[in-house]
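What follows is the residue order along each chain.
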Amino acid sequence: MNKITIENMNLFYGDFHCLKDNTFSIEEKKITALIGPSGCGKSTLLRCLNRMNDFIEGVRIDGKVLIDGRDIYSPDINLIQLRKEVGMVFQRPNPFPLSVYDNVAYGPKVHGLFKTPKGVLETAVAKSLSAVGLWEELKDRLDVLATNLTLEQQQRLCIARLLAVEPAILLMDEPCSALDPYATLKIEELFLRLKENYTIVIVTHNMQQAARVSDLTAFMYIGELIEFGNTDTIFVNPRNKLTEEYITGRFG
Amino acid sequence: MAVFDEELKALREMVLKLCSMVECAIRDSVRAIDERNSDLAKEVIKRDHMINALEVKVDEECIRLIALRQPVAKDLRFITTAMKITTDLERMGDLAVNIAERAIELNEEHLFKPYVNIPLMAEITQGMVRDSIDAFVRGCTNIPYDVINKDDEVDDLTVKNFNELLRYMIRDPKIIPIAIKRTYVAKYLERIADHATNIAEMVIYMCKGKIIRHMESPGP
């Protein structure tokens, strides 16, 4: 089932036409990878999915992004609600300079999700940390400063922070590029577990990562969606010559 | 990437060399029968270890490239195809050795009937191998669909050869031991053609990305 439908998405940074008429759908509870050379628009497209581009000066956006059939660019959309629904993880882990506990509890508190009864917030923190595999490691030192954790733990924590506000979609922008191969593998295993409950879209420069974790892969080039399909097909027998050149490393 | 392309080229050349050695083994083993030349047959048997050694080398190179380059798409299909077809080529070499062994035995006996079917089968089979490998080496300019049809011709000749020899055996049971060896040779060639068909199927996979084995009509 389609969770997100992108329809004729065009995005301009001033005069620069960054996304060119992208149209495709992202399936629910699947991992979709966006790949392509630097500057192809994959991160821009990712940021369109929770309207993170709105802040950028001189940006103009045409087209629709439907989530559960509802256009997130329509005027009546509540942006705070949208970003709660559609969480984002960035290249470098960016925990708040607070304790582990406060990092995870922050979102629910802001959203007023767990005002009453008592103990519900604690449970939500425990549940989110368990979902990312941090609970066992950190349950006895929840007051430790998050920025003192390892990078991998920090990235897990950032994911837990999202989960605490009960999103449906997780956007990942190069989530493992600051991590070593072992930490990367652990995070990838986490994605595979998370997709049982969440729709995941991941931007990656690491072709092997796209091949390992994603169900579907979209290849983008200078703002255009060149090929979109099952990850196995893309990596074994891509239809488009550009896709083939890119994934086999013969680009340009 | 230039380095990887060089490595792929070197692999392609190794497979090509293996193929020409196997073609040579098939040709010489059949000539050894046709021309009653047991020395040539012994040559084929003696040379087989070179085919085996090169097969191992190709395999090792494929494994190395998979490990170090993590190939995808057409590179992956090329390398996995190289890996699979070398197994077939090596088996073809072994069958050529079997033919050579029978040649030495047959050359000791009197020729009760001239060889007609066997040279013909050998010719078709060698053509099949050449066409399949050509497509592999030249990167899919001529996709070897024909090879698969030619396998039927070889199968038919195997049956024809058997029936003809059967008539001779009924007429003169003394020749049965020799005639049976001739049916063996045909059977070896028929199996070589089967391996050539495997190679063609793998090459079609490499070119088209579609596995056509065990399908009714493998056409384009």
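Here, the structure is the one placed above.
So, here's what we can say about the structure. These numbers were taken from a predicted model, which means no experiment stands behind them. (Residues numbered from 1 in each chain as written. Chains lettered and ligands numbered in written order. Predicted model: local features only at pLDDT ≥ 70, side-chain atom pairs only at ≥ 80, totals over all residues.)

Turning our eyes to something else, we now look at the sheet that holds strand β7 (residues 169-173) of chain A. Residues and elements named next belong to chain A. If you trace the six strands from one edge of the open sheet to the other, you get β6-β7-β8-β3-β9-β10, paired in mixed fashion. Looking at the sheet topology across the chains shown, the edges are occupied by β6 (86-89) and β10 (224-230). Ignoring which end each strand starts from, the neighbouring axes of this sheet average 20 degrees apart. Across four bridges, strand β3 (residues 31-35) lies against strand β9 (residues 216-221) in parallel orientation. Residue pairing in the sheet places Ile35 in a bridge with Phe219 of β9. (Pairing = 2+ DSSP bridges. Helix = DSSP H or I, 4+ residues; strand = E, 2+ residues; numbered from the N terminus. Axes fitted to C-alpha atoms, helices over the stretch in contact; angles between N-to-C directions.)

The partner chain A presents 10 residues to the eight residues of chain B that form the contact. Grouping the constituent residues of the side of chain B that touches chain A by class yields four nonpolar, two polar and two charged. (Contact = placed C-beta atoms within 7 Å. Nonpolar A, V, L, I, M, F, W, Y, C, P; charged D, E, K, R; others polar.)

Looking now at helix α7 (residues 181-194) of chain A. Side chains that are three or four residues apart share a direction in an α-helix, a result of its 3.6 residues per turn. All names here are of chain A. Helix length check: α7, at 14 residues, gives a terminal C-alpha distance of 20 Å against a target of 20 Å (1.5 Å per residue), a fit within 8%. Among all positions of α7, only Thr184, Ile187, Leu190 and Phe191 are buried. Considered in projection along α7, the buried side chains sweep an arc of 115 degrees and stay on one side of the axis. Away from the buried face of α7 by more than 90 degrees, exposed residues Pro181, Tyr182, Leu192 and Arg193 are located. Where the residues of α7 are buried, they touch β3, α6 (151-163), β8 (199-203) and α8 (207-213). (Expected span 1.5 Å × (residues − 1). Buried ≥ 20, exposed ≤ 12 C-beta atoms within 10 Å, placed from the backbone. Arc of directions from axis to C-beta.)

Residue and element names in this part refer to chain A. Taking burial as the measure, the six residues of β9 include six buried ones, the bulk of the element. Along β9, one buried face is formed by Leu216, Ala218 and Met220 and the opposite face, lined by Thr217, Phe219 and Tyr221, is buried too. Turn length for the β9-β10 hairpin, with the two strands adjacent in sequence and antiparallel, is two residues, and the turn residue Ile222 shows positive phi of about 40 degrees.

Right, let's get into the pairing of β10 of chain A. Regular strands have side chains that alternate between both faces of the sheet. Of the strand pairs in this sheet, β9 of chain A and β10 of chain A are connected by six bridges, and their pairing is antiparallel. By the bridge assignment for β10 of chain A, Met220 of chain A is matched with Leu225 of chain A.

As a further point, take helix α6 (residues 176-208) of chain B. Over its 33 residues, α6 of chain B runs 47 Å from end to end, which matches the ideal 48 Å to within 8%, given 1.5 Å per residue. Note on α6 of chain B: the residue one or two positions beyond its end, Gly209 of chain B, has a positive phi of about 70 degrees.

The next point concerns the packing of helix α3 (residues 73-106) of chain B against α6 of chain B. All names here are of chain B. Axis separation between α3 and α6 bottoms out at 9 Å; the angle between their running directions is 170 degrees. For the element pair α3 / α6, the angle class is roughly antiparallel. Among the residues forming the contact of α3 with α6, the class breakdown is 16 nonpolar, four polar and nine charged. (Parallel < 35°, antiparallel > 145°, perpendicular 65-115°, else oblique.)

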